[in-house]
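Breakdown of the fold
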Amino acid sequence: MVNVTVKFNNRDYILSCEDGQEQELEKLSLHLNEKFEKLKSDLGNIGESKLLLISSIQVIDEMFTIKESIEKLKNQNKTLLDKFKEIKNLSILYKEDKEKEIQSLQSELQELKGKILDNEKNYSESIEKVSNSINNFLEKIN
């Protein structure tokens, strides 16, 4: 434990704190003293105890407001996280569907290519048969 001298209401006080927390304690006591002095100038000297109580209530009010804000942010963060997970899952499903569709289209394309090759082969064979028939016919005529 370390002893720190802080000034509050124009008086010095010796407070103890953990080692390394001296600056933080001085900063907090300065903040509380500022609130105390502002209340003293606003309300007059209504007594150190009452001013200290009001100052403390104001600081606690600020703390609770911040705490509520943090809770709201945590809830918003949780909501955003849930929505992100939902979007992620939807994108994965979309990707899988598109991959299946691509595979299906590639399969259909291969079938079409096969049919085109068969049709070209049949066409060539038909042309050759017709050509042979015409040649045979012409030879018979001659």
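Residues numbered from 1 in each chain as written. Predicted model: local features only at pLDDT ≥ 70, side-chain atom pairs only at ≥ 80, totals over all residues. Heavy atoms only, no water.

**Focus on helix 1 (residues 22-43)**
Note the cut-off: A run of DSSP states H or I qualifies as a helix once it reaches four residues; a run of E qualifies as a strand once it reaches two. Both are numbered from the N-terminal end. To estimate how far a helix should extend, the number of its residues minus one is multiplied by 1.5 Å. Here the term buried applies to any residue with accessible area under 20% of the maximum for its type, exposed to any over 50%, and partly exposed to those in between, with areas from a 1.4 Å probe on protein chains only. This arc is built from the directions going out from the helix axis to the C-beta atoms. Only heavy atoms matter for contacts: two residues are in contact if any of them lie within 4.5 Å across the pair.
Look at helix 1: 31 Å from first C-alpha to last across 22 residues, which is about the 32 Å you get at 1.5 Å a residue. The set of residues buried in helix 1 consists of Leu25, Ser29, Asn33, Lys35, Phe36 and Leu39. Looking straight down helix 1, one finds its buried side chains confined to an arc of 160 degrees; they lie on one side. Relative to its buried face, helix 1 has exposed residues pointing more than 90 degrees away, namely Gln23, Lys27, Lys38, Ser41 and Asp42. Its buried side turned inward, helix 1 meets strand 1 (2-8), strand 2 (11-17) and helix 2 (48-141).

**Some points on the packing of aromatic side chains**
For clarity, the cut-off: When the centres of two rings from Phe, Tyr and Trp lie within 6.5 Å, Trp using its six-membered ring, the rings pair. Their planes under 30 degrees apart give stacked, over 60 give edge-to-face, and anything left gives tilted.
Counted according to the given criterion, the structure contains 1 aromatic pair. Their ring planes at 50 degrees and their centres at 4.9 Å tell us that Phe8 and Phe36 sit as a pair that is tilted. Remark: Phe36 occurs in helix 1 and Phe8 occurs in strand 1; sequence separation between them is 28 residues. When its relative accessible area of 9% is taken as the criterion, Phe8 is described as buried.

**Observations concerning the pairing of strand 1**
Keep this limit in mind: At least two bridges found by DSSP between two strands is the condition for calling them paired.
In the sheet, strand 1 pairs with strand 2 via 7 bridges, with the strands oriented antiparallel. For Val2, the partnering residue across the bridge sits in strand 2 and is Cys17. With antiparallel pairing between neighbouring strands as the criterion, strand 1 and strand 2 make up a hairpin whose turn holds 2 residues, including Asn9 at a positive phi of roughly 55 degrees.

**Points about the packing of helix 1 against helix 2**
In plain terms, the rule: Throughout, an axis means a line fitted to C-alpha atoms (over the contacting stretch in the case of helices), and angles, computed between N-to-C directions, take values from 0 to 180 degrees. Throughout this description, any angle smaller than 35 degrees is read as roughly parallel, any larger than 145 degrees as roughly antiparallel, any in the 65 to 115 degree range as roughly perpendicular, and the remainder as oblique. Handedness of each helix crossing follows the sense of rotation of the near helix against the far helix: counterclockwise by less than a right angle gives left-handed, clockwise gives right-handed. Polarity classes work like this: nonpolar for Ala, Val, Leu, Ile, Met, Phe, Trp, Tyr, Cys and Pro, charged for Asp, Glu, Lys and Arg, and polar for all others, with Gly in that last group.
Relative orientation of the contacting elements helix 1 and helix 2 amounts to 120 degrees, with a least axis distance of 9 Å. On the basis of their axis angle, the class for helix 1 and helix 2 is oblique. Every pair of crossing elements has a handedness; the one defined by helix 1 and helix 2 is right-handed. Residues His31, Leu32, Lys35, Phe36, Leu39, Lys40 and Leu43 of helix 1 form the contact with helix 2, whose participating residues are Glu48, Leu51, Leu52, Ile54, Ser55, Ser56, Gln58, Val59 and Glu62. Of the residues belonging to the contact of helix 1 with helix 2, the class tally is 8 nonpolar, 4 polar and 4 charged.

**Quick word on the pattern of salt bridges**
The criterion, for reference: Here a salt bridge means any side-chain nitrogen of Lys or Arg lying within 4 Å of a carboxyl oxygen belonging to Asp or Glu.
All told, the structure shown has 9 salt bridges when counted by the stated rule. Here Lys7 and Asp12 are joined by a salt bridge, their closest N and O atoms 3.5 Å apart. Under the relative-accessibility criterion, Asp12 is labelled exposed at 54%. Lys98 is paired through a salt bridge with Glu101; the nearest N and O atoms lie 3.3 Å apart. Here Lys98 and its partner Glu101 are both found in helix 2, 3 residues apart, which amounts to about one turn of the helix.

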